[in-house]
Number of protein chains: 2
Amino acid sequence: MSARHTKITDDDCPVREVLNRVGDKWSILVVAVLRDGSMRFSDLRRSVDGISQRMLTLTLRGLERDGLVTRTVTPTTPPRVDYALTRLGRSLLDPIMALAEWAEKNRPAILSARWRFDEADRPRANPSPPGGKSARGARGA
Amino acid sequence: MSARHTKITDDDCPVREVLNRVGDKWSILVVAVLRDGSMRFSDLRRSVDGISQRMLTLTLRGLERDGLVTRTVTPTTPPRVDYALTRLGRSLLDPIMALAEWAEKNRPAILSARWRFDEADRPRANPSPPGGKSARGARGA
DNA sequence: AGCAGACATGGAGGTGCCTTCTTGCGCAGG
DNA sequence: CCTGCGCAAGAAGGCACCTCCATGTCTGCT
């Protein structure tokens, strides 16, 4: 993260920089779908489940703007627009896949941690148990 | 991405799963700061530039819930609360760093792509130039 | 007694992302 | 002639996240 010093800022962190551009709801999905090659708008729309036409347009625009995908119009009728990853876009897939692997590998650990955490608070919803200090559980400081 | 098939869903994609938990504004920053070891709440607050007390609390709660950080209360006076990455949290650092490296390496390419894109639309803000088709630029389909 | 230092929580308000609906265009085909 | 397909863009509304401000607790200092 490069900040060996005392502070980290929002834009000091390169990761946040990426996430600010590609961390939205759909960009990663679109990039993932385009992994296997070029695809036209309507097929993209079908491949990314649940995306609306508008959001697909906007997402693609953002990706195109940052040089991650190319847009190619074939003026047939009806017009055909193909999108494909650029080299830059493909290179993004590496760190993305690393993240995906991490996620799949650690999903069980996360889920069980979450379960434990949620269970720990439900029984004693009381903010201050009569017993004593409790170094974990009720978090009144 | 695992979806060789025709569709990708929001929760089919492990990456989105991670981002839904840790893709918010502060989590990554907090994890990054905790990289070098345990830190108490107030120091964390000072280290993550711009974060409010409330958001730091909420962010840490989320990370704790998912088993990425531990919370340790030392009941001195005034009370002292230390946060540290768990093994799981540290393991997340690897893919995160990969992303950071990608970001730093490709920032120039992205910025110049963006600049080019923005320049290409400013001159002819006209939605339909009288000339003709224009396979790139004005995007009326 | 009163205040400050360390941590957590609550409410009110803003802003931006996302969703849905609607409009536009250009041409082929019934 | 009117309707359909494929793509894009606009307006309006909802919701989740984030921000600021205020309150609460416990103890030791002045």
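Everything that follows concerns the structure shown earlier in this document.
Bear in mind the structure is a predicted one, so any value in this text is a computation, not a measurement.

Caption draft 1: The arrangement of the sheet that holds strand 3 (residues 80-85) of chain B in detail. Residues and elements named next belong to chain B. The antiparallel open sheet is built from three strands, whose spatial order is 1-3-2. Each having just a single partner strand, strand 1 (39-40) and strand 2 (69-74) make up the two edges of the open sheet. In this structure, strand 1 lies alongside strand 3, joined through two bridges in antiparallel fashion. Residue pairing for strand 3: Arg40 is matched across the bridge by Asp82.

Caption draft 2: A look at the sheet that holds strand 3 (residues 80-85) of chain A. Taken in spatial order, the three strands make up an open sheet running 1-3-2 (chain A), and their pairing is antiparallel. Of all the strands in the sheet, the pair left with one neighbour each is strand 1 (39-40) and strand 2 (69-74) of chain A.

Caption draft 3: Quick look at the pairing of strand 2 of chain B. All names here are of chain B. On strand 2, burial follows the alternation: Val69, Arg71 and Val73 on one face are buried, whereas Thr70, Thr72 and Thr74 on the facing-out side are not. Pairing analysis gives six bridges linking strand 2 to strand 3, with the strands arranged antiparallel. Counterpart to Arg71 in the pairing with strand 3 is Tyr83. Between strand 2 and strand 3, which pair antiparallel one after the other, the connecting turn spans five residues.

Caption draft 4: Structural detail: the protein's contact with DNA strand C. The environment of DNA strand C is made up of 24 residues, and the closest members are Lys25 of chain A together with Ser42, Gln53, Arg54 and Arg71 of chain B. Of all atoms in DNA strand C that approach within 4 Å of the protein, 65% are sugar or phosphate atoms. Within the side chain of Arg40 of chain B, a nitrogen or oxygen atom sits 3.4 Å from a sugar or linking oxygen of DNA strand C. The side chain of Ser42 of chain B places a nitrogen or oxygen atom 2.8 Å from a phosphate oxygen of DNA strand C. With four residues, the single largest contributor to the surface near DNA strand C is helix 4 (residues 53-65) of chain B. Of the residues in the surface near DNA strand C, the class split is nine nonpolar, five polar and ten charged.

Caption draft 5: Seen up close, the pattern of salt bridges. This structure, assessed with the given rule, holds ten salt bridges over all chains. Asp82 of chain A is the salt-bridge partner of Arg80 of chain A, the closest N and O atoms lying 2.8 Å from each other. A residue is classified by how much of its surface remains accessible, and Asp82 of chain A, at 11% relative accessible area, is buried. For Arg114 of chain A, the salt bridge goes to Asp66 of chain B, with nearest N and O atoms at 2.8 Å. One end of the pair, Arg114 of chain A, is in helix 5 (residues 87-121); the other, Asp66 of chain B, is in the loop between helix 4 and strand 2, on a second chain. Here Arg114 of chain A falls in the buried class, since its relative accessible area comes to 16%. For Asp66 of chain B, a relative accessible area of 5% gives the class buried.

Rules of the game
Residues numbered from 1 in each chain as written. Chains lettered and ligands numbered in written order. Predicted model: local features only at pLDDT ≥ 70, side-chain atom pairs only at ≥ 80, totals over all residues. Heavy atoms only, no water. Pairing = 2+ DSSP bridges. Helix = DSSP H or I, 4+ residues; strand = E, 2+ residues; numbered from the N terminus. Buried < 20%, exposed > 50% of the residue type's maximum accessible area, 1.4 Å probe, protein only. Near = heavy atom within 4 Å. Polar contact = N/O pair within 3.5 Å; in protein donor to acceptor, adjacent residues only side chain to side chain. Nonpolar A, V, L, I, M, F, W, Y, C, P; charged D, E, K, R; others polar. Salt bridge = Lys/Arg side-chain N within 4 Å of Asp/Glu carboxyl O.

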